[in-house]
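Architecture and fold: a report
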Amino acid sequence: MSSSCCSTDGSCSTATTDRATAGESVTVTTTYAVSGMTCGHCKATLTEVIGELDGVSSVDVDLDTGRVTVIGTAEPDDTLIAEVVDDAGYELTGRA
């Protein structure tokens, strides 16, 4: 099930959440816009540094679109993800 991207207070989110039934885990997918990615090394670096964060199950880096999709077991900490992306030499410009 996908959550609406717009809330009643006018803020937007592109996270999707699959609601779990008893005994199942929750999956949250969030996509970020990241600038400065140009090659396979960039892709490998971001996959590694984001993938090491607690709660992250997988990371998909799309160089062509400048998007990084993070799949995890909880809503991601945008500030923490921005910090590791910036520390790796790229710029997280927001949720895509």
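Residues numbered from 1 in each chain as written. Predicted model: local features only at pLDDT ≥ 70, side-chain atom pairs only at ≥ 80, totals over all residues. Heavy atoms only, no water.

A closer look at the side chain of Thr69
For the record, the criterion: Secondary structure follows DSSP: runs of H or I at least 4 residues long count as helices, runs of E at least 2 residues long count as strands, and numbering of each begins at the N terminus. Residue exposure (1.4 Å probe, protein chains only): buried if accessible area is under 20% of the type maximum, exposed if over 50%, otherwise partly exposed. Think of a polar contact as two N or O atoms within 3.5 Å of one another; within protein, one of them needs to be a possible hydrogen donor and the other a possible acceptor, and neighboring residues in sequence only count if both atoms come from side chains. Contact criterion: two residues are considered in contact whenever any of their non-hydrogen atoms come within 4.5 Å of each other.
With respect to the helices and strands, Thr69 occurs in strand β4 (residues 67-72). Residue classification places Thr69 among the buried positions, given a relative accessible area of 18%. Only 3.1 Å separates the side chain of Thr69 from the side chain of Thr31, close enough to count as a polar contact. Each residue touching Thr69, except ones within four places of it in the same chain, is listed here: Thr29, Thr30, Thr31, Ser58, Val59 and Asp60.

A look at the nonpolar core
Note the threshold: In this description, a nonpolar core means a group of buried Ala, Val, Leu, Ile, Met, Phe, Trp, Tyr and Cys residues linked to one another through side-chain atoms lying within 4.5 Å.
Val34, Met37, Leu46, Ile50, Val68 and Val85 are the most contacted members of the largest nonpolar core, which has 18 residues in total. When contributions to this core are tallied by element, the ones reaching two or more residues are β2 (27-35), α1 (40-51), β3 (56-62), β4 and α2 (78-87). Here this core gets 4 residues from one element, more than from any other, and that element is α2.

Some remarks on the environment of Thr65
Among the secondary structure elements, Thr65 is positioned in the loop between β3 and β4. Overall, Thr65 belongs to the partly exposed group, its relative accessible area being 44%. Residues Thr65 and Ser35, 30 residues apart in the sequence, show an inter-C-alpha distance of 9.7 Å. One polar contact links the side chain of Thr65 to the main-chain amide nitrogen of Arg67, over a distance of 3.4 Å.

So, α2
The cut-off we apply is this: Working definition: the arc comes from the directions between the helix axis and the C-beta atoms, pointing outward to the latter.
All of the buried residues in α2 are Ile81, Ala82, Val84 and Val85. All buried residues of α2 lie within an arc of 165° about the axis, which places them on one face of the element. Seen from the open side of α2, the exposed residues pointing more than 90 degrees away from its buried face are Thr79 and Asp87. Tucked into the core, α2 has its buried residues touching β2, α1, β4 and β5 (91-95). Where α2 ends, the next residue or the one after it, Gly89, has phi of about 105°, a positive value.

Describing the pairing of β2
Rules: Strand pairing is defined by DSSP finding a minimum of two bridges between the two strands.
Two strands pair when backbone bridges link them, and β2 and β4 are joined in this way by 6 bridges, in the antiparallel orientation. By the bridge assignment, Thr31 is partnered in β4 with Thr69. Bridge analysis of β2 against β5 gives 4 bridges, and the strand direction is antiparallel. Each residue of the ladder has a partner; that of Val34, found in β5, is Leu92.

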